Structure formats: C-alpha cells, structure tokens
Amino acid sequence: MSDSEEEESSDRQLKLALLGDGTSGKTSLATRFAQETFGKQYKQTVGLDFFLKRITLPGNLNVTLQVWDIGGQTIGGKMLDKYIYGAQGILLVYDITNCQSFENLEDWYNVVKKVNEESETQPLVALVGNKIDLEHMRTVKVDKHQRFCQENNFSSHFVSAKTGDSVFLCFQRIAADILGIKLNKAEMEQSQHVVRAELVRYPEEDNQRHNTSNCQSKICSMQ
Ligand SMILES: Nc1nc2c(ncn2[C@@H]2O[C@H](COP(=O)(O)OP(=O)(O)OP(=O)(O)O)[C@@H](O)[C@H]2O)c(=O)[nH]1
C-alpha cells in the first residue's frame with residue numbers, strides 16, 4: 001500500500017444527514033461547506049444528494065465527512081428512514097426568517113427518533129438556524145431556538161450559507177463532538193469564516209451622479 005493510500009484508509013468517516021423543510025438552505029449549506037460556493041437560484045433537491053469533504057481535527061486527525069443532503073419533500077416518504085439510518089450526526093436545519101420551517105423540525109426529529117429507536121448508539125443532533133445574513137427579517141426568536149436545544153440536548157448553531165458565516169465551524173464542531181474531541185477557543189476562532197460585505201454596483205450613469213453629488217458636498221464642506 002502506498003503512503004497516500006495508507007493515509008486515506010486511516011481516515012475516519014462520518015455520515016452526517018441534513019434534514020429540514022424545503023428552502024431552509026440544506027443544499028446551500030452542503031455546497032458552501034464542501035465546495036465553498038453559493039447559488040442564489042433555488043433548485044429543489046429530489047430525493048438526496050451527496051457531498052464529501054475531508055477535514056483535519058486537532059491532533060492531526062483526518063476525518064472524511066459524508067454529507068447527505070436530503071430533500072425537504074422526502075418527509076412522509078418511504079425512503080427517508082433509509083437515508084437517515086446509520087448517520088452519526090443529524091443537522092436539523094431551519095430558516096430563521098421562516099417560523100414554519102422551525103415548527104416542522106419536531107416532525108423531522110420524530111422520524112430520527114423512530115429510526116434510532118432500537119439502536120444502541122444515538123446520533124448527535126445539531127439545531128442549525130440558517131440565513132443569519134437576514135437577521136433583520138428574523139421571525140424565530142433566539143430563545144425559542146435555545147429552549148428546543150436544551151429540551152432535547154441538541155448542539156446549537158447559527159449560520160449563513162450565503163456569506164459562509166460559521167458554516168465550516170458548524171461542521172467542524174459537530175465532527176469533533178461526535179469523536180469526543182474538544183476544540184479550543186483559538187481553533188474555533190480560526191474556523192470562523194470572515195464575512196464579506198456585498199459591494200453595491202451602481203450603473204455607470206448613477207455612478208457619475210453619485211460622484212458629482214459627493215464632489216459637491218466636499219466643496220460645500222470646504223467652504
Ligand atoms: N439569504 C440567504 N439565502 C439563502 C441562504 N441559504 C440558502 N438560501 C437561499 O434559499 C433558497 C433555498 O436554498 P436550498 O439550499 O436550495 O434549500 P434546501 O433546504 O436544500 O431546499 P430543498 O432542496 O427543497 O430541500 C435558495 O434560493 C438559496 O439561495 C442563506 O444563508 N441566506
């Protein structure tokens with residue numbers, strides 16, 4: 001076996017399943033995490049999609065995360081149990097601007113409990129509030145989120161797939177929790193994505209208008 005093959009095969013593999021209503025942002029989170037991209041256009045996931053990403057945890061531990069992006073329409077369907085089965089981590093994803101997507105997590109969590117009813121080991125469950133770039137449109141209070149976490153022993157996460165805010169940190173914390181690894185403050189801070197502000201581009205004509213008014217105001221202030 002070559003060195004690289006040996007390295008590859010010694011990787012731990014973890015199955016993580018993303019669950020939640022349609023449009024809560026599961027595909028966006030998976031693509032932001034695995035491919036560092038974001039698409040504004042909504043394309044419904046039919047059934048499920050897979051993503052793989054290798055990360056390194058403290059102690060030089062390589063972990064390959066299998067991210068199962070499960071379509072929001074699968075609830076009530078025959079296949080959902082099979083998709084969830086064997087997952088070590090469950091991410092219950094909702095949109096912080098959409099109350100219904102939060103309320104419906106109860107139903108998603110009930111399916112998770114049913115699938116693991118007979119299992120000796122239980123998956124780690126994380127509650128993920130997505131779209132925090134839309135904080136001004138938030139309808140799900142932070143209190144409600146925290147209460148749901150405490151009542152069910154979930155880990156708590158707030159992220160934005162759009163800006164990338166805390167997305168890597170969320171997956172890293174979940175993987176570390178499953179493996180019983182503690183991340184220190186510095187490691188967590190390093191994973192916190194820098195949030196980029198969007199630049200507003202004015203059309204050429206507008207631009208001139210803005211420049212002119214800026215100039216005028218500068219002149220005014222100098223006088
Ligand atoms: N503003 C904002 N929009 C987001 C964010 N994440 C996802 N979106 C948008 O929300 C819409 C739905 O995102 P998806 O990732 O396709 O949602 P999904 O949960 O995978 O939906 P299903 O495939 O139906 O289960 C898309 O238009 C995304 O661009 C976010 O963090 N901020």
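Residues numbered from 1 in each chain as written. Predicted model: local features only at pLDDT ≥ 70, side-chain atom pairs only at ≥ 80, totals over all residues. Heavy atoms only, no water.

- Per an unreviewed UniProt entry, the chain goes by the name Ras-related protein Rab-28 and belongs to Apteryx mantelli.
- Heading Sequence similarities (unreviewed entry) of the UniProt record for the chain holds this comment: "Belongs to the small GTPase superfamily. Rab family."
- Among the UniProt annotations of the chain, the heading Catalytic activity (unreviewed entry) holds the following wording: "GTP + H2O = GDP + phosphate + H(+)". (UniProt positions renumbered as here; feature names shortened; annotations may be inferred.)

1. A few points about the packing of helix α2 (residues 26-35) against helix α7 (residues 167-179)
Here's step 1: In the contact formed by α2 and α7, the axes pass within 9 Å of each other and the chain directions differ by 85°. Taken together, α2 and α7 sit at an angle that is classed as roughly perpendicular. Residues Leu-29, Arg-32 and Phe-33 of α2 lie in contact with α7, whose contacting residues are Val-167, Phe-168 and Phe-171.
Here's step 2: Across the contact of α2 with α7, the residue classes tally to 5 nonpolar, no polar and 1 charged. (Axes fitted to C-alpha atoms, helices over the stretch in contact; angles between N-to-C directions. Helix = DSSP H or I, 4+ residues; strand = E, 2+ residues; numbered from the N terminus. Parallel < 35°, antiparallel > 145°, perpendicular 65-115°, else oblique. Contact = heavy atoms within 4.5 Å. Nonpolar A, V, L, I, M, F, W, Y, C, P; charged D, E, K, R; others polar.)

2. Comments concerning the side chain of His-145
Here's step 1: Relative to the assigned elements, His-145 resides in helix α6 (residues 142-152).
Here's step 2: When its relative accessible area of 0% is taken as the criterion, His-145 is described as buried.
Here's step 3: Non-local contacts of His-145, meaning those with residues more than four positions away in its chain, are made with Tyr-94, Phe-102, Leu-127, Gly-129, Ser-156, His-157 and Phe-158. (Buried < 20%, exposed > 50% of the residue type's maximum accessible area, 1.4 Å probe, protein only.)

3. Here's the deal with the site of the ligand
Here's step 1: Near the ligand you find 23 residues, and of these Lys-26, Ser-28, Tyr-42, Thr-45 and Asp-133 are the closest.
Here's step 2: At a separation of 2.9 Å, an oxygen atom of the ligand approaches a polar backbone atom of Gly-25.
Here's step 3: Burial of the ligand by the protein amounts to 92% of the accessible area it has alone, namely 660 Å².
Here's step 4: Mapping the ligand onto the cavity grids shows that it belongs to the largest pocket.
Here's step 5: Here the element with the most residues in the shell around the ligand is α2; it accounts for 3 residues.
Here's step 6: When grouped by side-chain class, the residues that make up the shell around the ligand number 4 nonpolar, 13 polar and 6 charged. (Near = heavy atom within 4 Å. Polar contact = N/O pair within 3.5 Å; in protein donor to acceptor, adjacent residues only side chain to side chain. Areas by Shrake-Rupley, 256 points an atom, 1.4 Å probe, with all protein chains shown as cover. 1 Å grid on protein atoms, 1.4 Å probe; cavity = no way out; pocket = protein on both sides within 12 Å on 5 of 7 lines; lining within 4 Å. Sits in = over half its atoms within 2 Å of the grid points.)

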